[in-house]
Each structure stands twice: as structure tokens, then as C-alpha cells.
Amino acid sequence: MPSFPPHHETLPHVTKDNWRDLAAQKRQSLYEAFPRDWLLPKGKYDDQINIMGVPKECGLLNAKELEITEIDDVPELAKRIAQRQYSAVDVALAFSKRAAIAHQLTNCLTEVMFDRAAKRAKELDDHLQRTGQTIGPLHGVPVSLKDQFDVKDVELTMGYAGYLGRISPANSSLVDLLEACGALIYVRTNVPQTLMIGDTFNNVFGRTCNPRHRKMSPGGSSGGEGALIALKGSIIGIGTDIGGSVRIPSAMCGLMTIRPSSRRMPYGKATNSLLGQESVLSVAGPMTRSLASVEYFMRTVLNACPADYDASAFPFPFNSQAYEAASQHKKLAFGYCKTDGHVHVAPPVSRAIDETVQALKAAGHDVFEFDMARYKRAWELCCEIFAADGGEDVNRILSSVNEPLIEGVILGDESTKKSVYEFHQMNREKEAIQQDVLKEWLATVTQTTTGRPMDALIFPAIASPVRRFTDDKHAGLTGVFNILDLPSCVFPVTSVDPAKDPKYTDVPVFNDMDKAIHEQYDPEMGAGMPVAIQVVGRRWQEESLLAVAKTVSDCAGKAV
């Protein structure tokens, strides 16, 4: 049987004795890549908790750069570039500068490719001037990348000390597709070591903080993207999601996203953890500040035929007919639920679900309870699948330089290791749960007045919007839909209000983790933090979900 080498063999110059020094050098080189006139005054904002307004107020961005980077909708920015209101060179400069500012405030970046982006922007401007035509729907639009997507000749560590010095020999599939559509690749963003935790910390780049409250986590594992996009250092970024990793940071940072079903987005030739584990697939998804941007991105990528870039991706284009049909339904039907059976959500999350339900009912839609807690086994099985290798994948990488494992990751040990036969049985159980959920979903036709089963499920995205760096980070509310492989949109609908969301004085708990979440909830500390919901659709029906999510957002959504 053929064997495959590790994703990367640690280079000889990276050792257990010097990796900390090399990591420090890497961090310093990132800072030194910023032009001097892009630097904030040292120490000026160190004690400021909410730094959302700093990029506008700091004086480093001129009026035009502010105008460009304040745009929230990708299609609007793309239109202005196509109409030559902005040059691609100006756009690249504006977002590069604002990304540098965001990094100094939150530690959100891992790589900068400003010169690369500027050179490509000049080529795009010349092409538009010469031909009058854009390269593609993303012509001149800067796109940030989670530190998993390889860019040829650029270092990529994915937060592992053992990967220091690893230079990508080629672009990942999605990077090739994006550049063919005219996108500018200019930065990559921070991740947690292993990717297997809803936080953003590693031993190479350190910790990323939430720009809305710098003593809180931005979520993860795409937390660098969350912080960067919230500060408008990016208009759209690409994260990945195996247990909630685009949805959790979007919820924590007040963004909008979709976790697509597996194999709709190209993911080939990207760096990853748990390579070869295909029972619960990681998927790529956009993170933005508007649902219009999410839709535009999905249309662009799916219509570019991902299967031409990635052998594992589906060749199906964006289904405009399905999107339009779902958009035109005057009446929709929604199930809703507030728990996965593992945790009770904090007061503001409960209120967010209640207010969404009330808004949908007031708009004339059918809304009824759908018990997801009966499928609590799904998340337990998901964790067992992640741990089935006994932690070997991660430990092989860490042991190369004796790098310590960060706390809180979902990782196996000898007690969780499964035989091939046992793993097969877990796959059988996974499919059985998927079949049960589908059967129950279709059976809701008896509870609707639309003649259709429920169009979507309204569900919490995170248990609590107040997450300090050391707080419990339950991912089951999102992870359950990874093992079910159901697409899910996340967007904010309200914010924490201490007057409306006082701490529970007496709440039943399922377990110690549930108890900890409620003990850690602090309405005063969390005041003003975004509170998001998930809108979950049917497998491989992203287009219908996007249309339905827009209806929900129009009824209940709130920009924060």
C-alpha cells in the first residue's frame, strides 16, 4: 500500500532549542513589513478595550482610503472598480494599509503580500484601460485568506512551529480560482494551533483579540479573519469550518457568513489538520459584513466551475432558479430550537431566538419548534471522529520540535484511538443520524401551511457572546451541522443589553461545561457585543438557503 509523507517535513534549521527564537523573528519580520508611516503611535491604544473606531480616527488613512475601506458590499466595490471610480491600485493600497492598522490593534495577520497585490493591481488597471473589460467578477477586489490557503513562494505555518520556513510550492485551488476571477490576494490571517478550537492562539504568532472587546476571544479557528474584517481591513475573507470555524468568529465579531455543504467550494491543495479524515469534512466559506457579499461570492466561485481547479469539488454552478424561487415565496416555514442538548444558551442568545421568531411570525411566516436536542449524539460522534487517530496527526507535527499543545483543543489520545472497523461503524452511525434528520425535516410538512417542509431551521450560533480567552468554548451548536453536512448562514440580530439580558439566577444545567458557560456569562462586560443566529438549510441547497437567510435578516437582522 502506498504511503504519503507528512504535509511538511520540519526543516533542519528548526529545532526544539531554537523554534521560539525563530517564531519571535517571524513576528518581528511581519511588523517590519509595514511601512513606517503605517504605524500607530506606540502604546497609544494599549488600554483601549473597544478599538473599532481607531482605524477611522487614527489619522493614518486619508479620505479616499477611508471611503474605499468603509464599503461593506463586495458587489458595490467591484462595480466602482469596473466603472473606474477607483483604481485597483488605490484599492489595494487602502486595504493593505487598513489591514496593517488592524494587525497592530488585534494581532490578526500572519503574512502580508502587499507588493504582490500592488503589482497585480497595476496589471488589472492596465487591462481595464486597454480593453475596457474586467478580468472577472472580483476584478480588483482584495480577498484575505485564513492561514491555510497556500500562495506560491510564500511561507505558510498554519500556527505550527514545526512548519516555520515552509514555502508553498504552488497556489491552493481556491487561490487560483479567485485570481482567475480578478481578486487581489494581499494578507493571510491568524489561526489556533491545530485549528481544532473556537479561539485564535498559537505559539508562533500569539493570540488574536476581539476588536469589539480586546479581553475577549474573536472566536476561531478563523478568528484572524473575524478581527480583520470587523475592523474593515478586509471586505471579504475566506475561512474554513470543520466544527464552526467561520460561524463562531462571525458570531463573535458581528459578521455574516455561510458554511456551505461539503465539496461545493474548492479546498484542494490547501494546508490542513487531520489530513485524510473525510468523515466530517472541513469546508471553505466567505466571511463578510453583508449577506449581499456572501451571495456575490458564492455566485462568483460556483459559476467559475470549481471542479476545474479542484478534483474533489462539485462542478455544479450557482442555481439561480432555486435562489429566485426561494426569494419569491411570500410565506416561509421555519423550525426553531434553542439547545443542542449539551448546553443551555445565555440570556441574550435566548432573546435573539425569541425576537427572531416573533419577527418572522409578525411577517406572516410559519414558525414552530423543532427539537434538535434529540440529536445530541451527533456532536458527540463528531468529536469521536476527530479523536479517532488518537491524536497522532497533531502529535507528529508537535513532536518534531517538542512544541507544547495549547489548551482546549479537540484532540484524541490512546484511549480514543479506533480500529478501521470501529471507524467504519462510526461512519454508519453518522449516516443513520443524517437519514433520521432528513426524515424529521421532511415530516414537518404536516406542521406548515405552505405545502412544503420547513424552509430552514433557526438555531443558536454560540452559547454565549461573552467569551474571555480562557472561557469554555463549546462548538456543538455549530459542529452538529458539520457532521450532518447542512449549510448554515450566521448573522447578527441584536446585541447584549444588560437590562434585557440579566444573568440567570437559577438555570438547569446539563453538565459541568453548561454550568461553566452560565457562570462565565457577564452581561455588563458583554454590553454591546453582537448576538447572532444560525439559519440552517438542506444539504447542497445553498442557493435556497441564501434567499431564505436574506428574508430572515430583513425581518430580524441588525448591523452591529
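Structure shown above.
Within any chain, residue numbers begin from 1 and follow the written order of that chain's sequence. In view of the model being predicted, local features appear only for residues whose pLDDT reaches at least 70, and side-chain atom pairs are presented and counted only at 80 or more, with totals across whole chains, interfaces and linings using the full set of residues. Hydrogens and water are ignored here; the side-chain numbers use all heavy atoms of the structure.

Participant: Sorry, what's going on with the environment of Ser495 here?
Facilitator: Its location among the elements puts Ser495 in strand S12 (residues 488-495). The buried label goes to any residue with under 20% of its type's maximum accessible area, the exposed label to any with over 50%, and the partly exposed label to all in between, with areas taken from a 1.4 Å probe on protein chains only. For Ser495, a relative accessible area of 16% gives the class buried. The spacing of Ser495 and Val531 is 36 residues in sequence and 5.0 Å in space, taken between C-alpha atoms. Ignoring sequence-local partners within four residues, the contact set of Ser495 consists of Arg351, Asp501, Gly528, Met529, Pro530, Val531 and Lys558. Secondary structure elements are taken from DSSP: a helix is a run of H or I of four residues or more, a strand is a run of E of two residues or more, and numbering for both begins at the N terminus. By definition, residues are in contact when any of their heavy atoms lie within 4.5 Å.

Participant: Explain the side chain of Glu65 here, please?
Facilitator: With respect to the helices and strands, the residue Glu65 is situated in helix H3 (residues 63-69). Relative accessible area serves as the criterion here: at 6%, Glu65 is assigned to the buried category. Any N or O atom pair separated by 3.5 Å or less is treated as a polar contact, with the protein-specific requirement of one donor-capable and one acceptor-capable atom, and with residues adjacent in sequence counted only for side-chain atom pairs. A polar atom in the side chain of Glu65 sits 3.1 Å from the side chain of Lys97. Not counting chain neighbours up to four residues away, the residues in contact with Glu65 comprise Leu60, Leu93, Ala94 and Lys97.

Participant: Honestly, the packing of helix H5 (residues 88-106) against helix H6 (residues 114-131) in this entry has me stumped. Any pointers?
Facilitator: When two helices pack together, their arrangement is given by the angle between their axes and by how far apart the axes lie. The convention used is that axes are lines fitted to C-alpha atoms, helices contributing only their stretch in contact, and that angles between N-to-C directions extend from 0 to 180 degrees. It is at 7 Å that the axes of H5 and H6 come closest, and there the two elements cross at 160°. It follows that H5 is roughly antiparallel to H6 by the angle criterion. As H5 packs across H6, the resulting crossing turns out to be right-handed. Contacts from Ala88, Val89, Ala92 and Ser96 in H5 reach Phe114, Ala117, Ala118, Ala121, Lys122, Leu124 and Asp125 in H6. Residue composition of the contact of H5 with H6, grouped by class: eight nonpolar, one polar and two charged. The cut-offs work like this: below 35 degrees is roughly parallel, past 145 is roughly antiparallel, 65 to 115 is roughly perpendicular, and the gaps in between are oblique. Crossing handedness is read from the near helix: turned anticlockwise from the far helix by less than a right angle, it gives a left-handed crossing, and turned clockwise, a right-handed one. Residues are grouped as follows: Ala, Val, Leu, Ile, Met, Phe, Trp, Tyr, Cys and Pro are nonpolar; Asp, Glu, Lys and Arg are charged; all remaining types, including Gly, are polar.

Participant: Sorry, what's going on with the pattern of salt bridges here?
Facilitator: A side chain with one charge may pair with a side chain of the opposite charge, provided their charged atoms come close. Criterion for a salt bridge: a side-chain nitrogen of Lys or Arg within 4 Å of a carboxyl oxygen of Asp or Glu. Under the defined criterion, the tally for this structure stands at 39 salt bridges. The partner of Asp241 in a salt bridge is Arg247, and the shortest N-O contact between them spans 2.9 Å. Ionic pairing is found between Glu440 and Arg374, a salt bridge with its closest N-O pair at 3.1 Å. Linking Glu440 in helix H15 (residues 420-443) with Arg374 in the loop between strand S10 (366-369) and helix H13 (377-386), this pair joins segments that are 66 residues apart in sequence. Exposure remark for Glu440: the relative accessible area of 29% places this residue in the partly exposed category. When its relative accessible area of 41% is taken as the criterion, Arg374 is described as partly exposed.

Participant: Can you help me understand the side chain of Glu225 in this one?
Facilitator: Mapped onto the secondary structure, Glu225 falls in helix H8 (residues 223-230). Residues scored as positive are Lys and Arg, those scored as negative are Asp and Glu, and His as well as the terminal groups of each chain are ignored. No salt bridge is formed by the buried Glu225; its nearest oppositely charged neighbour, Arg188, is found at 8.6 Å. A polar side-chain atom of Glu225 sits 2.7 Å from a polar atom in the side chain of Ser144. At a separation of 2.8 Å, a polar atom in the side chain of Glu225 contacts the side chain of Thr189. Excluding anything up to four places from it in sequence, Glu225 contacts Ser144, Leu145, Lys146, Thr189, Gly237, Ile238, Leu255 and Met287.

Just geometry here; none of it tells us what the structure is for.
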